[in-house]
Amino acid sequence: MRTLIVIAATLLLSGCSVSHYIKREIKNSAVLNQQHTGLSVSELHEKKAIASYQDHKYFNPASNTKLFSFYAGLTALGDSIPGLEYLEWGELLIIRGTGDPSLLHPDLPHSKVYDFLKNRREEIFFTPANFEEKRYGPGWAWSDYNDYYQPERSPMPIYGNIARFSSNGQGKLQAQPSYWNKTLVPDTSASGIEREEFLNKFHHSKLGVPAGLIQDVPVHMSDSLLVRLLSDTLKKEIKLIHIPLSIELQTCYSIPSDSLYMRMMQVSDNMLAEQLMLLYASKNGLPLNTQKAIDHAVQNHLNDLPDRPVWKDGSGLSRYNLFTPRSIVALLQKIYDKVPRERLFRLFPAGGRSGTLRNLFKEEEPFIFAKTGSFSNNFNLSGYLVTKKGKTLVFSFMNNNFVKTGAEVRKEVERILTGLHDKF
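An unreviewed UniProt entry lists the chain under the name D-alanyl-D-alanine carboxypeptidase DacB, from Dyadobacter helix.

Right, here's the structure in full:
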């Protein structure tokens, strides 16, 4: 009995010391003193926080939203991504999208959907009737239409819904796919490559293109553009038809699910996160609609979080999203229970090693495996921390509305979490 009392007292003191350390470091920080800060820290498999600072308050999560999309994907998808659904109807093949973003995506593995469509002998028709979404999510910045991080959503993306421009080695601009070469417009007033907002005309400087340049520009998507691009690539005509398919369909699978998850988490790919929520909708028998997918996920998988999330998109581009640190920690506990540790830590950015944490937490062995979330005036970091004593902690450190530089805030987050690793 005496031994049990000593162990219990040691654990209690340890928890208190963590809490004291966190509150002291945040309150005394010259970097964090004018912003909104929230932090929640729990031990793995424990519901009660061992340290918290305003963890019941709502913050804009930015790309920490992708943690919710990731979990939604884990609940709905198996080892492979459903690439498209189809109906064989005599000598016709009618296909529809599932939201899968992998077809001819330049940064994902080869999709089996391409081989499936290439080898079919029937006349192929594409129907977008199950897509009930706008090109952008609520609260997105429409003026960012030309920026690489904001491709449009669609039922069946192709080439990542972007045009990738690079130098051909002789100072001239070339596009991938080559379909877009004919849309290039030399323009003395252009800086870099600028697309017209509602037309796929890409204005570019007349100056030579530097070797090594790569610029991704979202294209303005439409159903007719999809079938043109698909026809051009497959060298066979794909026709557009607007009919709902309410009967049971067959599925063609595309790529391993982890290849999508890894890129989404490592480089914080917005397009993959948005399409993942459409995949979730498709898999659950819903129309391709993000809000319907979110409502379903919250009701069926996330109704036990400490605070109900205000969740508006898949990527975190929307400033309407609001989550609390303690809810994110609860979500991370659920994710850990669903994914084996080695696989999970491989998918997440690792401090000093990979993804968006490559330049932070540079230790001999990575001890932070976490998702960043940032845009102007916001930086959040949520994930798993392994202490020097071998404990695994689950944390969410949220910073909103700061006027310091992002670099200063990131360094302060790094300092406080590194101290947590070293001391406990």
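A. Quick peek at the overall build of the chain. The secondary structure content of the chain amounts to 10 helices and 16 strands. Relative to the 2.2 N^0.38 estimate, which gives 22 Å for 424 residues, the radius of gyration of the chain is 24 Å and therefore close to what a compact globule would have. Dimensions along the principal axes, computed over C-alpha positions, put the chain at roughly 80 × 55 × 35 Å. Looking at the chain as a whole, 56% of its 424 residues are labelled buried. Considering only intrachain contacts with a sequence separation of at least 6, the fraction spanning at least 24 residues in the chain is 66%. Of the roughly 19000 Å² that the chain leaves accessible, carbon and sulfur atoms contribute 51%. Distance from the positive charge centre (50 side chains) to the negative charge centre (43 side chains) of the chain: 5 Å.

B. Spatial organisation of the packing of helix 2 (residues 65-76) against helix 5 (residues 257-266). Packing of helix 2 against helix 5 brings their axes to within 11 Å, and their N-to-C directions diverge by 170°. Considering the angle they form, helix 2 stands roughly antiparallel to helix 5. Along the contact surface, helix 2 presents Lys66, Leu67, Phe70, Gly73 and Leu74, while helix 5 presents Tyr261, Met264 and Met265. Split into classes, the residues belonging to the contact of helix 2 with helix 5 amount to six nonpolar, one polar and one charged.

C. Geometry of the nonpolar core. The biggest cluster of nonpolar side chains holds 51 residues, and the ones touching the most others in it are Phe70, Trp311, Ile335, Leu344, Phe348 and Tyr384. Elements that contribute at least two residues to this core include exactly helix 2, helix 5, helix 6 (270-283), helix 7 (290-301), helix 8 (325-338), helix 9 (341-347), strand 15 (378-386) and strand 16 (392-400). Looking at which element gives the most residues to this core, the answer is helix 6, with eight residues. If we ignore the near neighbours within four places in the chain, the residues touching Leu344 are Phe70, Ile335, Tyr336, Val339 and Tyr384. In this structure, Val113, Tyr159, Leu184 and Leu230 belong to the second largest nonpolar core, which totals 35 residues.

D. Up close: helix 8. For helix 8, which comprises 14 residues, the first-to-last C-alpha distance of 20 Å matches the rise-based estimate of 20 Å (1.5 Å per residue) to within 8%. Counting buried positions along helix 8 gives 11 out of 14 residues, so the element sits mostly inside the fold. All buried positions along helix 8 are accounted for by Pro325, Ser327, Ile328, Val329, Ala330, Leu331, Leu332, Gln333, Lys334, Ile335 and Tyr336. Residues of helix 8 that are buried in the fold lie against strand 1 (36-43), helix 2, helix 7, helix 9, strand 15 and strand 16.

E. Here's a closer look at the sheet that holds strand 7 (residues 173-176). Pairing is antiparallel across the open sheet formed by three strands, whose spatial order is 7-6-11. Looking at the sheet topology across the chains shown, the edges are occupied by strand 7 and strand 11 (214-218). This sheet shows a mean twist of 30° between the axes of neighbouring strands, independent of strand direction. Here four bridges tie strand 6 (residues 162-167) to strand 7, and the two strands are oriented antiparallel to one another.

F. Main features of the sheet that holds strand 12 (residues 238-240). The strand order across the open sheet formed by five strands is 12-5-4-3-13, and the pairing between neighbours is mixed. The open sheet has two edge strands with one neighbour each: strand 12 and strand 13 (250-256). Strand-to-strand twist across the sheet, computed as the mean angle between neighbouring axes with direction ignored, equals 30°. Here four bridges tie strand 4 (residues 92-97) to strand 5 (residues 123-126), and the two strands are oriented parallel to one another. Across the sheet, the residue bridging to Ile94 is Phe125, located in strand 5. Seen against the sheet, helix 4 (residues 223-234) touches strand 5 and strand 12 and runs at an angle of roughly 170° to strand 12. Lying on the sheet, helix 5 is in contact with strand 3 (80-89) and strand 13; it crosses strand 13 at an angle near 50°.

G. Structural context of the pairing of strand 14 (residues 368-375). Taking burial as the measure, the eight residues of strand 14 include six buried ones, the bulk of the element. In this sheet, strand 15 lies alongside strand 14 in antiparallel orientation, the contact comprising eight bridges. Paired with Ile368 across the two strands is Leu385, which belongs to strand 15. Between strand 14 and strand 15, which pair antiparallel one after the other, the connecting turn spans two residues, and Asn377 there sits at a positive phi close to 75°.

H. Molecular detail of the side chain of Ser396. Assignment of secondary structure puts Ser396 in strand 16. The buried category is assigned to Ser396, whose relative accessible area is 0%. Here Ser382 takes part through its side chain, which lies 2.8 Å from a polar atom of the side chain of Ser396. Ignoring any residue separated from it by four or fewer positions in sequence, one finds Ser396 in contact with Gly38, Leu39, Ser40, Pro325, Ile328, Val329, Leu381 and Ser382.

Cut-offs applied
- Each residue is numbered by its place in its chain's sequence as written, counting from 1.
- In keeping with the predicted nature of the model, local features appear solely for residues at pLDDT of at least 70, side-chain atom pairs appear and are counted solely at 80 or more, and the whole-chain, interface and lining totals rest on all residues.
- Excluding hydrogens and water, the side-chain figures rest on all heavy atoms present in the structure.
- Numbered from the N terminus, helices here are DSSP runs of H or I no shorter than four residues, and strands are runs of E no shorter than two.
- For the radius of gyration, the atom set is restricted to C-alpha positions; the globular benchmark scales as 2.2 Å times the number of residues to the power 0.38.
- Between buried and exposed lies partly exposed: a residue is buried under 20% and exposed over 50% of the maximum accessible area for its type, with that area taken using a 1.4 Å probe on protein chains only.
- Any two residues whose heavy atoms approach within 4.5 Å are treated as being in contact.
- Per-residue and other accessible areas were derived by the Shrake-Rupley procedure at a 1.4 Å probe size, with only the shown protein chains allowed to occlude residues.
- In summary, the charge assignment counts Lys and Arg as positive and Asp and Glu as negative, without counting His or the chain termini.
- To locate a charge, take atom NZ for lysine, CZ for arginine, CG for aspartate or CD for glutamate.
- For every element, the axis is a line fit to its C-alpha atoms; helices are fit only across the contacting stretch, and the angle between N-to-C directions ranges from 0 to 180 degrees.
- In these notes the angle categories are as follows: under 35 degrees is roughly parallel, over 145 is roughly antiparallel, 65 to 115 is roughly perpendicular, and the rest is oblique.
- All residues other than Ala, Val, Leu, Ile, Met, Phe, Trp, Tyr, Cys, Pro, Asp, Glu, Lys and Arg, Gly among them, are scored as polar; the first ten of these are nonpolar and the last four charged.
- The nonpolar core is taken to be a set of buried Ala, Val, Leu, Ile, Met, Phe, Trp, Tyr and Cys residues, with the residues joined through side-chain atoms within 4.5 Å.
- Any helix carries an expected span of 1.5 Å times its number of residues minus one.
- Any two strands with at least two DSSP-identified bridges between them are counted as paired.
- Contacts described as polar in this section are N or O atom pairs within 3.5 Å, which, within protein, must combine one atom able to donate a hydrogen with one able to accept it, while residues neighboring in sequence count only if both atoms come from side chains.

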